[in-house]
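# Residue-level structure breakdown
Chain by chain, the residues run as shown.
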2 protein chains.
Amino acid sequence: MNHAATLTDHYPTRVDTSEIQDRRDPVVWPGRSGPWPDGAVDHFATHGFRAVEGVLDAGDIREVRSEIDAVTARLGPDERVIRETSDGSVRSVFAVHELSERIASIIARDEIAGVARQLLGDEVYVHQSRVNLKPGFAGGPFYWHSDFETWHAEDGMPTPRAVSVSLALTPNTPFNGSLMIMPGSHRRFVSCVGRTPGEYHRQSLKSYRPPFGTPEESVIAAMADEYGIEQVTGGAGSALYFDCNCLHASAGNISPYPRSNLFVVFNAASNELGEPFAADARRPDYLATR
Amino acid sequence: MNHAATLTDHYPTRVDTSEIQDRRDPVVWPGRSGPWPDGAVDHFATHGFRAVEGVLDAGDIREVRSEIDAVTARLGPDERVIRETSDGSVRSVFAVHELSERIASIIARDEIAGVARQLLGDEVYVHQSRVNLKPGFAGGPFYWHSDFETWHAEDGMPTPRAVSVSLALTPNTPFNGSLMIMPGSHRRFVSCVGRTPGEYHRQSLKSYRPPFGTPEESVIAAMADEYGIEQVTGGAGSALYFDCNCLHASAGNISPYPRSNLFVVFNAASNELGEPFAADARRPDYLATR
C-alpha cells in the first residue's frame, strides 16, 4: 500500500508537472549537543553542507580499504557488491556498516554519528552506507538530484530529517569527479516528473542520469542561477556533511586519480520509513535500512 | 606517399610500443618581438601554457556569436558545421577564419596572432580554427592527448612549432568542462600505439576517447605523477595560449552552463605541412589548412 493513502504527503513528487516548493521542515533540529560549535551548525543550516579536513587519518583509511577487501573476498557474488562490467573490479559495496564491525565503529564516532545526532536533534541510525571506489579514467558523472526526493518517493522517508557524510578515502580534486552542490538549494523541494517503474533501483543505480527522480534541465538551470554551484574538494580523510535535500551532482573523472569514499546516511530515529510515497514497493534493505 | 619515406621522422608515433622521448625542438623560438614581456614568454616555455584575462571584450564576443549565426544560416548543410545529433543545434564550426572576415580580423590582432609570432619566432598562419559551442548538461569529456601527435601523424606537421589559442566566449569554471593541462608535459613526446585507419577523422572527431592518437592509461598516469594536472579557468574573454604538444583533456560538463570558445591554431610558416607521417592520406583542409 502506498503511503500517500494513509498519510499526508508534504513533499509530493513523481508527478505530472515539476514544482519548486519551500521546505516545510527545519534543516537543523534542536535538542542535542554535539562536537560542532554553533557557527559550524549555523553554516550547515544556511548552506546545507559543511566540509571538514582530517576526520579520518591514514590508519582509518587503510582499515576501511582492508575491510572492503576482506568483505568482498568473503561474500563472493552478492547484490551488495557492484563490480565494473569491464574488468570485474569492485566499484561499490553497500551496507558496509552491517558487513564490517570495524567500519561500523568508525561510523559510530562522535565526529561522524555524533554530528548527525547534533544536527538532527535526535537519535540516529544508518539509513544507507556504502564504499565507492570510483576509478580513474573511467569514472562516470552523476546527474543533479536531491537524495531526499528518492528516499521519500522510493523508501517512504517522511521528512528531510537525514544527513549524509561523505568521508574521502582519496583526495577530492577539482578534476576527479568531486561533488558539486548548490548551496542553499536544500531549502527548496523540487518535485520530479514521471511515475516510478517497478524495480526501478536496478536501472537507476546504473544510470548516470536516471529518467525519474532527476529534475528537468530548465529547473536545474533556474536553481543554479539562484543558488550557484560550489565544488567541494579536500584531502584524503576529509568529510563532507550534507543535508539530504541538497541538489548535487558529480562530474565524470578522466584524470588518472581514483575518487573513493565511505558514504553514510544518518536518518533521525523519529523519521521512520514507511511505505514508499511514490513507488509500488520498498527497495531492498541494503539501500534503505529499516 | 608517406612522409616517413622521404624525411627523417623525429617524432615517430602510431607505433607498436609507446615510448616517451624528450622533445627535440625549442618551445619558444627567438627572432621576433611581440606583446608579451620576457617573464610571460619564460612562463610559457616552462609550463607550456599561459592564461590571460580580457583578451576579448563583450563586443568581440557578441560579434563572434553573431558571425557564427550568420555563417551557419548561410552555409546550410556543410561538413564544417557539426550539429548535435539530438536537436540539430550547432556544436562546432570549423575554418571560421575563412568563413568570417570579422572573426579573421579578431584572430589577426597583435595580442592573438602577434603572440603566436613572438613565441614561434616566425611568420604564422592559421593551421586550424573553430568555434565550439559546448552546451550545458550534455557536453561530453575529451580524453588526454597531444594535438601535435595528431597533426604530425595525420597532417604531416614536421615539428611542434605551433601554438593554440583558446578564447573563452563564456566563463570557464571548474565544473563546466574547462581544460586540464599537465604543466611541462610539452617537453616530452609520447608516441601512441596503433596504425591510423583510413578516413580516421570521421571517427576521431566524434569520439571522446579515440582509439588511436591517445596515450595508454599507464603512460597518462606516469606523466600526471611527474607533471601534475592544472585546470585552467577564467572569465569570458580570457585566452589560454598553449603549446601544441601539451598533454591536455577536458572533463564533461553536467553543469547548466555552456562552455563556448573560439579556438585557433597558429603554425610557423617554416613548419610547412607535408604528407602525413603516420596516415595514408591527408585530412580535409578545414582540419589542416595548407
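Let me begin by describing the structure that accompanies this report. Quick caveat: nothing in here was measured; it's all calculated off a predicted structure.

### Description of the interface of chain B and chain A
Between chain B and chain A, the contact holds 24 residues from the first and 24 residues from the second. Carbon and sulfur atoms supply 72% of the area buried between chain B and chain A, which totals about 1,900 Å² over both sides. Area buried by chain B at its contact with chain A is led by F137(B), F175(B) and I254(B), which between them contribute 37% of it. The interface formed by chain B and chain A holds zero salt bridges in total. On the surface where chain B and chain A come into contact, there are six residue pairs in polar contact (both at pLDDT 80 or more). Put simply, the parts of the chain that give the side of chain B that touches chain A at least two residues each are β6 (142–146), α8 (217–227) and β12 (247–250) of chain B. It is α8(B) that contributes the most residues to the side of chain B that touches chain A, five residues altogether. Of the residues belonging to the side of chain B that touches chain A, the class tally is 18 nonpolar, three polar and three charged.

### Observations concerning the pairing of β12(B)
Residue and element names in this part refer to chain B. What you see with β12 is no split at all: L247 and A249 on one side and H248 and S250 on the other are buried throughout. In the sheet, β6 pairs with β12 via three bridges, with the strands oriented antiparallel. For H145, the partnering residue across the bridge sits in β12 and is H248. Across three bridges, strand β8 (residues 179–181) lies against β12 in antiparallel orientation.

### Things to note about empty space enclosed by the protein
Applying the stated rule across the entire model yields three cavities of 30 Å³ or more. Lining the largest cavity we find 13 residues, and of these P174(A), Q231(A), A251(A), P174(B) and A251(B) sit closest to its centre. In this structure, the second largest cavity encloses a volume near 50 Å³. In this structure, the second largest cavity is lined by S146(A), E149(A), S185(A), R188(A), F189(A), V190(A), C192(A), P215(A), N245(A) and L247(A). Among the elements that line the lining of the second largest cavity, the one with the most residues is strand β9 (residues 188–190) of chain A, at three residues. Split by residue class, the lining of the second largest cavity holds five nonpolar, three polar and two charged.

### Some points on helix α1 (residues 38–47) of chain A
Residue and element names in this part refer to chain A. Among the residues of α1, those classed as buried are A40, V41 and F44. Angular distribution of buried residues about the axis of α1 spans 100 degrees; they occupy a single face of the element. Tucked into the core, α1 has its buried residues touching β2 (49–52), α5 (110–120), β7 (162–168) and β11 (239–243). Looking one or two residues beyond α1, the residue adopting positive phi is G48, at roughly 90 degrees.

### Some thoughts on the pattern of salt bridges
As a working rule, side chains carrying opposite charge can pair if their charged atoms are close by. Residues and elements named next belong to chain A. Inspection of the entire model under this criterion finds 31 salt bridges over all chains. With a shortest N-O distance of 2.8 Å, E149 and R14 are connected by a salt bridge. One end of the pair, E149, is in helix α6 (residues 147–155); the other, R14, is in the segment before β1 (20–22), and 135 residues separate them in sequence. For R188, the salt bridge goes to E226, with nearest N and O atoms at 3.5 Å. Here R188 is found in strand β9, whereas its partner E226 is found in helix α8 (residues 217–227), with 38 residues between them in sequence.

### Re the relation of the copies chain B and chain A
In screw terms, the move from chain B to chain A is a rotation of 180 degrees and a rise of 0.0 Å along the axis, fitting with an RMSD of 0.0 Å. The two molecules are tied by a two-fold rotation axis, judged by turn and shift. Looking at the interface residues of chain B, 100% of them are also at the interface in chain A, so both copies use one shared face.

### So, the nonpolar core
Judged by nonpolar contacts, the single largest core of 39 residues is most densely connected at L262(B) and F266(B). Examining the composition of this core, we find that six residues originate from one element, helix α5 (residues 110–120) of chain B, more than from any other. With residues near it in sequence (within four places) discarded, F266(B) still touches I107(B), I112(B), A113(B), A116(B), L120(B), V124(B), Y125(B), V126(B), R161(B), A162(B), V163(B) and V165(B). In terms of nonpolar packing, the next biggest core, distinct from the first, is built from 38 residues, V41(A), V55(A), I112(A) and V126(A) among them.

### A closer look at α8(A)
Residue and element names in this part refer to chain A. Residues of α8 that are buried: V219, I220, M223, A224 and Y227. Seen from one end, α8 has its buried residues packed into an arc of 135 degrees, which puts them on one side. Exposed positions of α8 whose direction lies more than 90 degrees from the buried face are S218, D225 and E226. Contacts from the buried residues of α8 go to β1, β6 (142–146), β9 and β12 (247–250). Backbone geometry just downstream of α8 places G228 in the positive-phi region, at approximately 75 degrees.

### Thoughts on the side chain of R161(B)
Residues and elements named next belong to chain B. As for its placement among the helices and strands, R161 is situated in the loop between α6 (147–155) and β7 (162–168). A distance of 2.9 Å separates a polar atom in the side chain of R161 from the backbone oxygen of L120. Those residues in contact with R161 that sit more than four places away from it in its chain are W29, L120, G121, D122, C244, F266, N267, A268, S270 and N271.

About the thresholds
Position labels on residues start from 1 in each chain and follow its written sequence. Chains carry letters from A onward and ligands carry numbers from 1 onward, assigned in written order. Totals for whole chains, interfaces and linings use all residues, but because this is a predicted model, local features are given only for residues with pLDDT of at least 70 and pairs of side-chain atoms are given and counted only at 80 or more. Excluded from the side-chain calculations are hydrogens and water; all other atoms, namely the structure's heavy atoms, are used. Residue contacts are counted whenever heavy atoms from the two residues lie within 4.5 Å of one another. Put simply, buried area is the surface a 1.4 Å probe can reach on two separate parts but cannot reach once they are joined, added for both. In what follows, salt bridge is the name for a side-chain nitrogen of Lys or Arg lying within 4 Å of a carboxyl oxygen of Asp or Glu. For this analysis, a polar contact is any N or O atom pair within 3.5 Å, provided that within protein one partner can donate a hydrogen and the other can accept it, and provided that sequence-adjacent residues contribute only side-chain to side-chain pairs. Under the scheme used here, helices are H or I runs from DSSP no shorter than 4 residues and strands are E runs no shorter than 2 residues, and both carry numbers assigned from the N terminus. Gly falls in the polar group here, along with every residue not listed as nonpolar (Ala, Val, Leu, Ile, Met, Phe, Trp, Tyr, Cys, Pro) or charged (Asp, Glu, Lys, Arg). The rule is simple: take the accessible area with a 1.4 Å probe, protein chains only, and divide by the maximum for that residue type; under 20% is buried, over 50% is exposed, in between is partly exposed. The rule for pairing is simple: two strands pair if DSSP sees at least two bridges between them. Throughout, the protein atoms alone are placed on a 1 Å grid, and a set of points is a cavity if a 1.4 Å probe fits but cannot get out or a pocket if it is open with protein on both sides within 12 Å along at least five of seven lines; lining residues have an atom within 4 Å of a point. Grid points are joined across faces, edges and corners, and a volume is the space filled by probe spheres set on the points. By arc we mean the arc of the directions from the helix axis to the C-beta atoms, nothing more. Superposition of the copies used a least-squares fit over C-alpha atoms from residues whose pLDDT is at least 70 in both. By convention a nonpolar core is built from buried Ala, Val, Leu, Ile, Met, Phe, Trp, Tyr and Cys residues, the set being connected through side-chain atoms within 4.5 Å.

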